[in-house]
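# Structural overview for review
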Amino acid sequence: MKKLLFLCICIKVSFLGYAQDSKSLLPKLQRIAREKQMNVIYILTDDHRYDFMGFTGRIPWLKTPALDKMAKEGAWFKNAFVTTSLCSPSRASILTGQYSHVHKIVDNEAPAPPGLIYFPQYLQKAGYQTSFFGKWHMGEDDDSPRPGFDHWESFKGQGKYWNPLLNINGQHVQYKDSTYITDLLTDHAIDWLDKRDKRKPFFLYLSHKAVHDPMSPAKRHAGIYKNKRFPLPVTYYQTLNDDYKKLNWPEWVKQQRYSWHGVDYPYHSHQSIDNLVERYCETLMAVDESIARVLKYLKDNGLENNTMVIYMGDNGFSWGEHGLIDKRQFYEESAKVPFLIYAPGLFKGGVTVDKMVQNIDIAPTILELAGLKKPDYMPGSSVLPLLKGDTLKWRKKIFYEYYWEYDFPMTPTVYGVRTDQYKLMHYIGLWDQDELYDIKNDPNEVHNLMGDPKYDTIAKQLANELFDWLEQTKGMQIPIKRTVRHALGDYKHKTQY
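So, here's what we can say about the structure.

How each quantity is defined
Residues numbered from 1 in each chain as written. Predicted model: local features only at pLDDT ≥ 70, side-chain atom pairs only at ≥ 80, totals over all residues. Heavy atoms only, no water. Phe/Tyr/Trp six-rings, centres within 6.5 Å; stacked < 30°, edge-to-face > 60°. Helix = DSSP H or I, 4+ residues; strand = E, 2+ residues; numbered from the N terminus. Buried < 20%, exposed > 50% of the residue type's maximum accessible area, 1.4 Å probe, protein only. Lys NZ or Arg CZ within 6 Å of the ring centre and 35° of its normal. Core = buried A, V, L, I, M, F, W, Y, C linked by side-chain atoms within 4.5 Å. Salt bridge = Lys/Arg side-chain N within 4 Å of Asp/Glu carboxyl O. Pairing = 2+ DSSP bridges. Axes fitted to C-alpha atoms, helices over the stretch in contact; angles between N-to-C directions. Contact = heavy atoms within 4.5 Å. Parallel < 35°, antiparallel > 145°, perpendicular 65-115°, else oblique. Nonpolar A, V, L, I, M, F, W, Y, C, P; charged D, E, K, R; others polar. Lys, Arg positive; Asp, Glu negative; His and termini not counted.

### A closer look at the packing of aromatic side chains
Scanning the model with the defined rule gives 35 aromatic pairs in all. Both rings, one in Phe119 and one in Phe203, keep their centres 5.4 Å apart while their planes meet at 65 degrees; by these two values the pair is edge-to-face. Placement of the pair is Phe119 in helix H5 (residues 119-125) and Phe203 in strand S8 (residues 202-207), with a sequence separation of 84 residues. Residue class for Phe119 comes out buried when judged on its relative accessible area of 0%. One aromatic cluster is present, formed by Tyr42, Tyr118, Phe119, Phe132, Trp136, Phe149, Trp152, Phe203 and Tyr205 through successive ring pairs. When the ring centre of Tyr161 is taken as reference, the NZ or CZ atom of Lys209 above it lies at 4.8 Å.

### Quick notes on the nonpolar core
When a protein is soluble and globular, its nonpolar side chains tend to lie buried together. With 63 residues, the main nonpolar core has Ile41, Phe52, Ile291, Tyr311 and Trp319 as its most contacted residues. Among the elements of the structure, strand S1 (39-45), helix H2 (65-73), strand S6 (165-168), helix H6 (181-195), S8, helix H9 (273-300), strand S9 (307-313) and strand S12 (339-342) are those that each provide at least two residues to this core. Counting residues per element, this core draws most heavily on H9, which supplies 14 residues. Membership of the second largest hydrophobic core comes to 54 residues, among which are Val82, Leu116, Tyr205 and Met378.

### Things to note about the pattern of salt bridges
Within this structure, the stated rule accounts for 28 salt bridges. With a closest N to O distance of 2.7 Å, Asp51 and Arg49 form a salt bridge. What emerges from the salt-bridge pattern is a single network uniting Asp47, Asp326, Lys327, Arg328 and Glu405.

### Some words on unusual backbone geometry
Between Ala210 and the following residue, Val211, the backbone shows a cis peptide bond with an omega angle of 10 degrees. By the element assignment, Val211 lies in the loop between S8 and helix H7 (243-246). The linkage connecting Asp213 with the following residue, Pro214, adopts the cis geometry, with an omega of -5 degrees. Its place among the elements puts Pro214 in the loop between S8 and H7.

### Describing the pairing of strand S17 (residues 422-428)
Among the seven residues in S17, six count as buried, and that is most of the element. Here strand S16 (residues 413-418) folds back onto S17, and the loop between the two strands holds three residues. Two elements, S17 and strand S18 (residues 435-438), share four bridges in a ladder whose sense is antiparallel. By the bridge assignment, Leu424 is partnered in S18 with Leu436.

### Description of the sheet that holds S18
One key point about sheets: their strands pair by backbone hydrogen bonds, in either a parallel or an antiparallel sense. Spatially, the four strands line up as an open sheet ordered S15-S16-S17-S18, and their pairing is antiparallel. Single-partner strands in this sheet number two, and they are strand S15 (398-402) and S18. Averaged over all neighbouring strand pairs, the angle between strand axes comes to 10 degrees, with direction disregarded. Pairing of S15 with S16, which is carried by five bridges, proceeds in the antiparallel orientation. Bridge pairing links Ile398 to Arg418 in S16.

### Looking at helix H3 (residues 87-96)
Judged by how many residues are buried, H3 sits mostly within the fold: 10 of 10 residues are covered. At its buried positions, H3 is contacted by S1, helix H4 (100-103), H5, S8 and helix H11 (362-369). Looking at the residues trailing H3, positive phi occurs at Gly97, about 75 degrees.

### A closer look at the packing of H2 against H9
Two numbers describe how H2 lies on H9: the axes approach to 7 Å, and their chain directions differ by 55 degrees. For the element pair H2 / H9, the angle class is oblique. Counting all contacts with H2, which are made through Pro65, Ala66, Leu67, Lys69 and Met70, the residues of H9 involved are Asp288, Ile291, Ala292 and Leu295. The residue makeup of the contact of H2 with H9, split by class, is seven nonpolar, no polar and two charged.

### Quick notes on the side chain of Glu333
Relative to the elements of secondary structure, Glu333 occurs in helix H10 (residues 332-335). The buried charged residue Glu333 lacks any salt bridge partner; its closest oppositely charged side chain belongs to Arg49, at an N-O distance of 5.3 Å. When residues no more than four places from it in sequence are discounted, the contact partners of Glu333 are Arg49, Tyr50, Gly316, Phe317, Ser318, Glu321, His322 and Glu445.

### Concerning the side chain of Ser259
Within the secondary structure, Ser259 sits in the loop between helix H8 (251-255) and H9. When sequence neighbours within four positions are dropped, the list of residues in contact with Ser259 reads Tyr265, Pro266, Tyr267, His268, Met410 and Tyr491.

Spelled out as structure tokens, the structure:
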């Protein structure tokens, strides 16, 4: 009986993707025939929305030459989404290859459950030299080295733009003299590339703090976009009055307009959206320069043809759509992220991919580059076939989840499903209206079709697919996190616990 119980526990642990930190206890992955293991540099930014790049034309005055180069000479994934539009859950999905309700990191405060496997652990076992630089943000007050990385540099929580305190391989180093975090992380990342063991393939994870609020550009970029006007979205005005009711929008969207995540009281301040967007774009400039420095290093050192550079945002960002700012919702601008791949030795550039990809596809992609088949518990897929135009077996739908946070009670728990034409958003725990959009004919998500008899069949079909997904992935329970303190974003109830 004891042997049977032990076997059952081992099977359950393997299925969920949990294991001890030791490399020796990692599940053994099947090898894939590859001519050579590729180096990988994964660059992640915080809150960078999908269309705030020069080449998209969304912001006429925004210049991002390095991002433009990646798109022109590499691949741009036009429909890249996260499974949860929130920093820590999204980062955990990238590193584990799993949905939030599986890895259990559903907010920005709680630490990771013990035993989570991060895909760089597999890379280490496959002979890679690995490194991490920047924002980790799983466990607010913990900057200690995590499994999977031979070299580690990070900071607690959100960190600071200026004069940061870094944990470098377990030792704290305080920087002064107006040290700017984006430049510092890039300096250290390139220095590690220069001093690495050149006999081994490498994986470098460069995780920028930028462009998270409160935005703070490098001194050389401050003011370069001063007095630039931001073209407001078409859904900016409807919650100023009762127009949103005619469009069948939920009441919580109206109520959030004057809140931490609303355009009329952003971050509990009365700031113009133009000024916020100016600083946001100015802060992005150092990130673009960071990318340019990385690409130049690869070219100058003969690494370009055997290295893949991946650029991605951890979640999207609303700038006035539906009267909102920030993220968390399943509207397009919140859940969609920039996703670019540059690998001149692997494929010819100028590729635009329309298929829907997600952050759970990152781990399988990088594992394939290392010559490893993804573990069965990862639901995502490698995007490498899409780079070659092979789309026949690709997914037809994506799923989304976000769980209500104690700190930001304005946004409800939402589960969602999206196809190439329709999107369904199902809310839990409030007396309000679900949402259904024909995003092919209504890309700005203006007209909520939920309740329209002509779309009853579509709504029921999508709802069933959503619940099938949750049942099949053991997601029918809402994870609750222990919180006993004042809620950061709830200005209406400042004294409550």
